[in-house]
Amino acid sequence: MTTYTDEQLHKALSHYFGYDTFRHTQLPIIKNVLSGNDTLAIMPTGGGKSICYQLPAMLLPGIAIVVSPLIALMKDQVDALIANGIRAAFLNSSQSQEEQQRVMREAQSGELKLLYIAPERIPANSSVFFDFLRRIGPALFAIDEAHCISSWGHDFRPEYLKLAVLKEQFPSVPVIALTASADKVTQQDIADKLALRTPKLFLSSFNRPNIHYYILPKKNALGHIIDYIKQHKSDSGIIYALSRASTEEIATTLKLQGVNAAAYHAGMDSAERSRVQEAFQRDEYNVVVATIAFGMGIDKSNVRFVIHYDVSKNIEGYYQETGRAGRDGLKSDAILFYSPGDIMKLRKFAQIDDNPQQSAISLRKLQLMQDYCENDGCRRQYLMQYFGEQFPAYCGSCDYCQSSLEEKDATEDAQKLLSAIARTGERYGANYIIDFLRGSAAEKIQTAHRDLKTWGVGKNLKKEEWQWMMQQLLNGGYIKRSTDEYAGLNLTDKAWKILRGEARLKLVMKKPVREQPVLQEPDYDIRLFEALKELRAAMATSENVPAYAIVADNAIVELATYLPVNFEELKHISGFGDYKVSRYGAAFISAIGRYMAEYKVPSKMHFKKPKPVKKERTEKPAPGSSMDMSLQLFNEGASIEEIAEQRRLSVGTIEGHLAAFIASGDLSITKVLPFDKLRAILEMVETTGQYTAAKPIKDLLGDDYTYGEIRMVLEHYKRTKR
Ligand code: ADP
Ligand code: MG
Ligand code: ZN
């Protein structure tokens, strides 16, 4: 057996296929194959599995037999090889007897390097066929799309089961099984069914960093698709839909919108299908709307988007389909329109009669597809973990990361957390540390610990936020769980660097979500509505004004919806300013009260969302004004004292100037005050509840703090907290 150096293999790659470098795990796979061992190669779609047997085929004496499930695909592969000057042929049921005879003769004469065979061409027990194989002397068996042999996989083909006999009949010929299915059970099943001998497993990363994943609720999906395509006019893309009818419908709609689109599905005759596929490949169609049958054989590198109009049956299929985008490595989008109703529909199809085992597998895979769509976390992380790879919680290029997470400098908060661990002697678990940080007064917090400076410094974050950070610090190797009986958290060297301020730390944090209690809006009470309108009409008549001048209709609707019972509550009804409350309030309140008593209905004021209050917009001082000059000097780096001196004004006046810009949001408080002072003042504001007056806070804080500083913090507080 000849052994090849890496250099020789690179040369061969470039000689036969014109590529400069091996991708993924191609090189080690090829070396393993050439050394005569069995191989299980797992590589994502588009990863370059074919080279893994095609190159060895060129270097081994004899002929490589390639088993491949799809007839159309086979022809493309063989054509591509012939285009590279490589002698290859295929045997399948699409050929005439004569053609098959001719190919077999070619194979026997030793002219061919690769022979592709459809699995149905391998009879279960045919000595004729094995004699044929023996005569041509196979150098290698390559089983492409090997997951088809496993009923655990997502594309089981019973005829693949016959391949089990290959190893029996040709024990010394190496076998390479290739698939993009990373399902562990399927992998094991492939190795078992093919009777591979101590196969070496090669797993390359499934991550496709240039594909961005988006899942959108399936509402007006077609409208979204049209918008998207219009924004990506010159791009190629595939839209997958489950039924033939919907591919036709979507394609027609797109055409009406001026999009160069075509449908593709199994109901079309094969000539028409090839025509569409070839036209798409030549960029004559921008968009093909297809059932899953499309794309198997195509090798189009500039597919910029893959849209799933319907949810896929399983992650494997979804990933294979999205994987057809961006083979050229450029940014591409994978967009899925998700509705739980679609899962319900697929659930019915997943039930196969007379095959409860297969049904259970399909349902389980469908469930995981649903989990993916509904998962509260990074899409890419979910996909990678599905394929058995570790992946961080943040990819930055999926809809989840972009809308719910952000990568932020978290050094300061991490320091709090790490020092809490250090100060408490590295003996406590996560829950204790977090409660301690948040200043819990619970009994379990040791009295001595309550005197530590770190006790309660972590009130700025919620418990879940600290847990989230803790998890990342554990994953990132900043802290680890000790193995002793306490199972406390220990700091690593990396953590000490952060604590000493020698390194900064970026963490992924959840974006703050504005909490909006979801309450069922009550309907308005029609009888009360009528009664109140009558009351209003009477008021209008007696005052000789139109009814709407008393209060508008929507105010009456609100009254009849929420039933306010006193003046305070009435103020929360739209249209009731202080004047109207005092003038008409009593009449309305008593009418409502009578109604409530008579019909025994309660007030529903607790459902009422607060009236939108106009935010006090503090006017920004005019450019060129005295205040503006102070700001400019400050922005140029002068201290408050220096500005005061230069402008012959008091320090307090300059602080007042800057306070105005803090109020308008043009100046950040953190630029003006050191963090310690800011925190101290803010804490005092919070604990005393003094949000407007500086004096009580000044009295408590003493001489280390000026009125000006306190006023600036109050402005900041008003702007941000209320
Ligand atoms: P798979 O079977 O894993 O889906 P293919 O073998 O069909 O992938 O290869 C996908 C594409 O990548 C093809 O266009 C192929 O020519 C190309 N390719 C494979 N290996 C290399 C390589 N080492 N360098 C450049 N292109 C490659
Ligand atoms: Mg392939
Ligand atoms: Zn992500």
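Residues numbered from 1 in each chain as written. Chains lettered and ligands numbered in written order. Predicted model: local features only at pLDDT ≥ 70, side-chain atom pairs only at ≥ 80, totals over all residues. Heavy atoms only, no water.

Colleague: What exactly am I supposed to notice about the packing of aromatic side chains here?
Modeller: Centre distance and the angle of the planes are the two values used to describe a pair of aromatic rings. Throughout the structure, instances matching the rule amount to 16 aromatic pairs. Note on Tyr53 and Tyr116: the rings are 6.5 Å apart at their centroids and 65° apart in plane angle, and the pair reads as edge-to-face. Of this pair, Tyr53 sits in helix H3 (residues 51-59) while Tyr116 sits in strand S4 (residues 114-117), and the two are 63 residues apart along the sequence. Here the two residues Tyr53 and Tyr116 agree in accessibility, since each one is buried. With a centroid separation of 5.2 Å and 50° between ring planes, the pair formed by Tyr318 and Tyr372 is classed as tilted. Placement of Tyr318 in helix H12 (residues 315-322) and of Tyr372 in helix H14 (residues 356-374) is noted, with a sequence separation of 54 residues between them. (Phe/Tyr/Trp six-rings, centres within 6.5 Å; stacked < 30°, edge-to-face > 60°. Helix = DSSP H or I, 4+ residues; strand = E, 2+ residues; numbered from the N terminus. Buried < 20%, exposed > 50% of the residue type's maximum accessible area, 1.4 Å probe, protein only.)

Colleague: Can you walk me through helix H5 (residues 97-108) in this structure?
Modeller: Every α-helix winds through 3.6 residues per turn, so residues three or four apart in the chain are directed the same way. Under the 1.5 Å per step criterion, the end-to-end length of H5 is 17 Å for twelve residues, consistent within 8% with the ideal 16 Å. Of the positions making up H5, those classed as buried are Gln100, Val103, Met104, Glu106 and Ala107. All buried residues of H5 fall inside an arc of 160° around its axis, so they share one side. Exposed positions of H5 whose direction lies more than 90 degrees from the buried face are Gln97, Glu98 and Arg105. (Expected span 1.5 Å × (residues − 1). Arc of directions from axis to C-beta.)

Colleague: What exactly am I supposed to notice about the sheet that holds strand S2 (residues 63-67) here?
Modeller: Within a sheet, each strand pairs with its neighbour through backbone hydrogen bonds, oriented either parallel or antiparallel. Strand order in this open sheet of seven strands is S3-S4-S2-S5-S6-S1-S7, and the pairing throughout is parallel. Of all the strands in the sheet, just strand S3 (88-91) and strand S7 (200-203) have a single pairing partner and so form its edges. Taken pair by pair, the neighbouring strands of this sheet meet at an average axis angle of 20°, ignoring direction. Looking at chain direction, strand S1 (residues 39-42) and S7 are connected through four bridges and run parallel. From the neighbouring strand, Ala41 faces S7, where its bridge partner is Phe202. On the sheet, helix H4 (residues 71-83) packs against S3 and S4 and is oriented at approximately 165° with respect to S3. (Pairing = 2+ DSSP bridges. Axes fitted to C-alpha atoms, helices over the stretch in contact; angles between N-to-C directions. Contact = heavy atoms within 4.5 Å.)

Colleague: Can you help me understand the confidence of the model for the chain in this one?
Modeller: Parts of the prediction with low pLDDT should not have their coordinates interpreted in detail. Residues of the chain with pLDDT of at least 70 account for 96%, and the chain-wide mean is 87. pLDDT under 50 marks residues 514-521. Its contacts with residues more than four places away, or in other chains, come to six contacts. Below pLDDT 50 for its whole length, residues 613-617 participates in three contacts with residues either more than four positions away or in separate chains. (pLDDT = per-residue confidence, 0-100.)

Colleague: Honestly, the packing of helix H2 (residues 26-34) against H3 in this entry has me stumped. Any pointers?
Modeller: When two helices pack together, their arrangement is given by the angle between the helix axes and by the axis-to-axis distance. In contact at an axis separation of 9 Å, H2 and H3 are set at 45° when each is read in the N-to-C sense. Compared by their axis directions, H2 and H3 come out oblique. In this structure, H2 meets H3 at a crossing whose hand is right-handed. Contact residues: H2 offers Gln26, Ile29, Ile30, Val33 and Leu34, while H3 offers Ile51, Cys52, Leu55, Pro56 and Leu59. Looking at side-chain class alone, the contact of H2 with H3 contains nine nonpolar, one polar and no charged residues. (Parallel < 35°, antiparallel > 145°, perpendicular 65-115°, else oblique. Left-handed = near helix turned anticlockwise from the far one by under 90°. Nonpolar A, V, L, I, M, F, W, Y, C, P; charged D, E, K, R; others polar.)

Colleague: Teacher, can you tell me more about the environment of Glu316 here?
Modeller: Mapping Glu316 onto the fold places it in helix H12. Separated by 136 residues in the primary sequence, Glu316 and Ala180 have C-alpha atoms spaced 8.1 Å apart. Aside from chain neighbours lying at most four places away, what touches Glu316 is His154, Ser181, Asp183, Lys365 and Tyr386. At 3.0 Å, the side chain of Glu316 forms a polar contact with the side chain of Lys365. (Polar contact = N/O pair within 3.5 Å; in protein donor to acceptor, adjacent residues only side chain to side chain.)

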